[in-house]
Amino acid sequence: MVGVFAALWIALAISPSYRSDWLLENLLVFAFAGLLAATFRRFQFSNFSYLLITVFLALHSYGAHYTYSETPFGFWLRDTLGFSRNPFDRIVHFAFGLLLTYPMRELTHRVLHLHRIWSYLVPFLLSLSMSAGYESIESWVARIVSPELGAAYLGTQGDEWDAQRDMDRAMTGALLCLALTWVGERLRSWARTRN
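The rules behind these values
- Residues numbered from 1 in each chain as written.
- Predicted model: local features only at pLDDT ≥ 70, side-chain atom pairs only at ≥ 80, totals over all residues.
- Heavy atoms only, no water.
- Core = buried A, V, L, I, M, F, W, Y, C linked by side-chain atoms within 4.5 Å.
- Buried < 20%, exposed > 50% of the residue type's maximum accessible area, 1.4 Å probe, protein only.
- Helix = DSSP H or I, 4+ residues; strand = E, 2+ residues; numbered from the N terminus.
- Axes fitted to C-alpha atoms, helices over the stretch in contact; angles between N-to-C directions.
- Parallel < 35°, antiparallel > 145°, perpendicular 65-115°, else oblique.
- Left-handed = near helix turned anticlockwise from the far one by under 90°.
- Contact = heavy atoms within 4.5 Å.
- Nonpolar A, V, L, I, M, F, W, Y, C, P; charged D, E, K, R; others polar.
- Expected span 1.5 Å × (residues − 1).
- Phe/Tyr/Trp six-rings, centres within 6.5 Å; stacked < 30°, edge-to-face > 60°.
- Lys NZ or Arg CZ within 6 Å of the ring centre and 35° of its normal.

Caption draft 1: Structural view of the nonpolar core. Counting residues in each nonpolar core, the largest one holds 19 residues, and the members touching the most others are Phe45, Ile53, Phe56, Leu57, Phe96 and Leu100. Looking at this core, the elements with two or more residues in it are α2 (19–39), α3 (47–66) and α5 (88–111).

Caption draft 2: Highlighting the packing of α2 against α3. Interaxial distance between α2 and α3 falls to 9 Å at its minimum, and their mutual angle equals 165 degrees. Taken together, the axis directions place α2 and α3 in an arrangement best described as roughly antiparallel. In this structure, α2 crosses over α3, and the sense of that crossing is left-handed. Two secondary-structure elements touch here, α2 through Asp21, Trp22, Glu25, Asn26, Leu28, Val29, Phe32 and Leu36 and α3 through Tyr50, Ile53, Leu57, His60, Ser61, Ala64 and His65. In terms of residue class, the contact of α2 with α3 is built from nine nonpolar, four polar and two charged.

Caption draft 3: Up close: helix α8 (residues 162–194). End to end, α8 covers 48 Å across 33 residues, agreeing with the expected 48 Å (1.5 Å per residue, within 8%). Residues Asp162, Asp166, Ala170, Gly173, Ala174, Cys177, Leu178, Thr181, Gly184 and Glu185 constitute the buried set of α8.

Caption draft 4: View of the packing of aromatic side chains. According to the stated counting rule, one finds eleven aromatic pairs in the structure shown. Both rings, one in Phe73 and one in Trp76, keep their centres 6.0 Å apart while their planes meet at 20 degrees; by these two values the pair is stacked. Taken together, the residues span about one helical turn, with Phe73 and Trp76 both in helix α4 (residues 72–81) at a distance of three residues. Since its relative accessible area comes to 38%, Phe73 is described here as partly exposed. Every member of this aromatic cluster is reached through a ring pair, and the members are Phe40, Phe43, Phe45 and Tyr50. One residue, Arg105, lies across the ring of Tyr120, its end atom 4.2 Å from the ring centre.

All quantities given are derived from atomic positions and should not be read as evidence of function.
In C-alpha cells form, the structure reads like this:
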C-alpha cells in the first residue's frame, strides 16, 4: 500500500494546478504519514485500517493536485447529475468519516480498551472534532495566506455554509462507518455461535 500510494502521490505531485495550494494541502499528508511512520513500532493498525487510510489519502492527493473545487471528476459529477457546484470536496469529507472512523475505533478499542457503546461513541466524537478542527485550521490558513490562495484552499465555491456542510458529510460518513461496523460485528458474532 505504501508503494502504490507513493507512486500515486509522486504522479500527482508533477505539475499540480496550483503549486502553493498543493503544498498547503499536502501538509496534511506529510503530518499524517509522519505520524503513522513514527508510531508504527508502538502501534500497528490492521491491514484493513491501513487500506482505508490509503484510500482516503489517495482521494485527498487527487483533490490537492487540482484543488478540490477544480477536480475533473467533480466537474463530471456536477454536469452529469446537475449539481450547482463541483462536489468533490463533499465526497472527500464524507470519505473522511466513512474511511477514517474505523481506524479511530480500532485505535480507541485497542489502546483505551473501550467496549460497548463507548467503542462507538468515542470514535464518532473524534471524527466530529477532527472535522471541526480541520475546518477551523483551514479558515485560519486562508486568513493568513494571500486572498487568492486562501480562496483556492477553502474551495467554498460561493457556499456560505461550506464548513458546516463539510462537517455534516464527515458526520454522515462516520455514522455509516459505525453502523456497518456494528452490523459486521453482529454477523461475526452470530457466525461464531453457529459453529
